[in-house]
Amino acid sequence: MSSAIDFARQHQSRFLEELKALLRIPSVSTDPAHKADVRHAAEVLAAELKRIGLENVRLIETDTPAHPGGHPLVYADHLHAPGKPTALLYGHYDVQPPDPLDEWLSPAFEPTERNGNLYARGAVDDKGQMYMHVKALESLLVANNGQLPLNVRVLLEGEEEVGGEGIATYVASKPADLAADFALVSDTEMFAPGLPTLCVGLRGMIYTEIEVRGAKTDLHSGMYGGAAPNPFVALAQIIARLKDESGRILIPGLYDKIIPPSPEELAAWQSLPFDEEHYRLTEVGSSTLVGEPGYSVLEHTWARPTLDVHGIMGGFTGVGAKTVIPAKATAKVSIRLVPAMTPTETFAQLSSYVQSILPPGVEAQVRLIHSGDPCLIPVDNPYVRAATAALHEVWAKETVFIRSGGSIPIVGDFARNLNLPSVMMGFGLPDDNLHAPNEKFLISNFYLGIESIIRFLELVGA
Ligand code: BES
Ligand code: MN
Ligand code: MN
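On a predicted model such as this, the values are computed, not experimentally measured, just so you know.

## Observations concerning the sheet that holds strand β13 (residues 328-337)
At step 1: Reading across the sheet, the four strands line up as β11-β13-β9-β14 and stay open at both edges, with antiparallel pairing between neighbours. The open sheet has two edge strands with one neighbour each: β11 (306-313) and β14 (363-372). Each strand axis lies, on average, 20° off the axis of its neighbour in the sheet, ignoring direction.
At step 2: Against the sheet, helix α11 (residues 343-356) engages β9 (204-213), β13 and β14, with an angle of about 165° to β14.

And the structure:
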């Protein structure tokens, strides 16, 4: 056994306690009230990277006039393996908001062990997975007297969950600091427990707000109701025309550029261990699944675009009753993109379609909050081969290659701007409740993930 793995095994409980400390920091990137907490998480990580022996550790500020409120990047490197490849290890230390709070069995920012899982916001997405990288590096450094089997750069971001504009700008400037041969990203899931998985495709997205305005001010609904336009009704009518009942998006041209998966990829998905009824009952928990006829669940979520409404704001939502016709109503609406859709074109299509279906008496504004491109990862390279070999050693199974319906905007930017292939080696599980109450990380996956990353880096450097 590699002595780095030996070290990792001997220090499992310390690693877990350190992760708990990180999870206690409520680094919610979308909420300005948590700005200092997000920075605190960055500082704690920078200090830990320094302690384990990484060099040039620093925070890279992204809070600029062009990007107000941006959260810092954490950078570190260790470049003392001449002739060996350079890895760029990416992760994000920000988390989604914890609400609805009353549905958590233990508080979101008090990490709690139950049934072999660690429950907390960020446990798996992505603090727990990002921290596997840090602990793999620590184990390798200790086991090799301060050396690593390859060159390593670490880049952590604090605004992945809000679109990653800061890191995108930094990566687009192609800094010498990011010169590398491949990226390692642990922010995805295993297809099933115990089944080693590499993710080779992500959906992109545009996240928008549709604001509808009617009267110049809020109005008494008795005095004006029937004559004044109601922006909530208009917004509902607009939303109802974005998708038909089968789930097909009605925006003209939206499907024109889609490149379907190859017959080989579709055949590979067919042979994955997927039970649609189990998925419906245990993961979704609805009476039926929806989606365009003629596609499987995996195609719906991995290879087709989707449009979702996340919330509708405005008007009166307090306790009791208020008879008002609000002057405006706003909906948060996103579209997930698949290759070769682009955020720019999709946003233009959505905006002009909304203008074309406006009910009488209202105006609409469609605003882009953030966006990211879809990506497909090449698999025919030595890094993916080393990853499958490492996973085979640790999990004693052949790796499955999947796509994911989620988005990690920077992965596409790594390919486009830095020409880096990414290895997306994730250890989340389908029932980990990402972005939901009771998010968790299977503790044994945290440990085996560290071992997988150690072996992967050792094999790439061998
Ligand atoms: N780690 C997730 C994405 C993910 C989840 C990939 C599950 C594969 C499997 C990431 O943190 C995330 O949630 N991204 C956001 C995108 C962002 C632009 C808001 C998403 O997908 O909603
Ligand atoms: Mn994530
Ligand atoms: Mn997330």
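Next comes the rest of the description.
## Focus on the sheet that holds strand β18 (residues 440-442)
At step 1: Strand order in the open sheet formed by three strands is β4-β5-β18, and the pairing between neighbours is antiparallel. Looking along the sheet, the strands with just one partner apiece sit at the ends: β4 (112-114) and β18. Taken pair by pair, the neighbouring strands of this sheet meet at an average axis angle of 25°, ignoring direction.
At step 2: Summarising the sheet, β4 and strand β5 (residues 117-119) pair through three bridges and their orientation is antiparallel. Bridged to Glu 113 within β5 is Leu 118.
At step 3: The sheet contacts of helix α14 (residues 443-461) involve β4, β5 and β18, and relative to β18 the element is tilted by about 60°.

## A closer look at the nonpolar core
At step 1: Ranked by internal contacts, the top residues of the largest apolar core, which has 67 residues, are Leu 49, Val 423, Met 425, Phe 446 and Phe 456.
At step 2: With nine residues, α14 is the largest single contributor of residues to this core.
At step 3: If we skip the residues at most four places from it in the chain, Phe 446 touches Phe 15, Leu 16, Leu 19, Gly 128, Tyr 131, Met 132 and Phe 441.
At step 4: Counting 29 residues, the second largest nonpolar core, distinct from the first, contains Ile 239, Ile 251, Ile 357 and Val 366.

## Some details on the domain arrangement of the protein
At step 1: In terms of domain boundaries, the protein breaks down into domain 1 (3-202 + 374-461) and domain 2 (204-258 + 305-369).
At step 2: On a C-alpha basis, the centroid separation for the pair domain 1 and domain 2 is 35 Å.
At step 3: The interface is formed by seven residues belonging to domain 1 together with seven residues belonging to domain 2.
At step 4: Both faces combined, the contact of domain 1 with domain 2 buries some 500 Å², and carbon together with sulfur accounts for 60% of it.
At step 5: Summed over the shared surface of domain 1 and domain 2, the number is zero salt bridges.
At step 6: Joining domain 1 to domain 2, the criterion identifies one residue pair in polar contact (both at pLDDT 80 or more).

## Notes on the confidence of the model for the protein
At step 1: Overall, the predicted model of the protein reaches an average pLDDT of 97, with 100% of residues at or above 70.
At step 2: No element of the protein has a lower mean pLDDT than helix α13 (residues 409-418), which averages 94, and none a higher one than β5, which averages 99.

## Side note on the pairing of β13
At step 1: Most of β13 sits inside the fold, with seven of its 10 residues counted as buried.
At step 2: Pairing geometry for β9 and β13, over 10 bridges, is antiparallel. Bridge pairing in β13 places Thr 208 opposite Val 333.
At step 3: Here seven bridges tie β11 to β13, and the two strands are oriented antiparallel to one another. Following the sheet pairing, Thr 306 is matched in β13 by Arg 336.

Calculation rules
- Residues numbered from 1 in each chain as written.
- Chains lettered and ligands numbered in written order.
- Predicted model: local features only at pLDDT ≥ 70, side-chain atom pairs only at ≥ 80, totals over all residues.
- Heavy atoms only, no water.
- Pairing = 2+ DSSP bridges.
- Helix = DSSP H or I, 4+ residues; strand = E, 2+ residues; numbered from the N terminus.
- Axes fitted to C-alpha atoms, helices over the stretch in contact; angles between N-to-C directions.
- Contact = heavy atoms within 4.5 Å.
- Core = buried A, V, L, I, M, F, W, Y, C linked by side-chain atoms within 4.5 Å.
- Buried < 20%, exposed > 50% of the residue type's maximum accessible area, 1.4 Å probe, protein only.
- Domains from an automatic or database assignment.
- Buried area = accessible area lost by both parts, 1.4 Å probe.
- Salt bridge = Lys/Arg side-chain N within 4 Å of Asp/Glu carboxyl O.
- Polar contact = N/O pair within 3.5 Å; in protein donor to acceptor, adjacent residues only side chain to side chain.
- pLDDT = per-residue confidence, 0-100.

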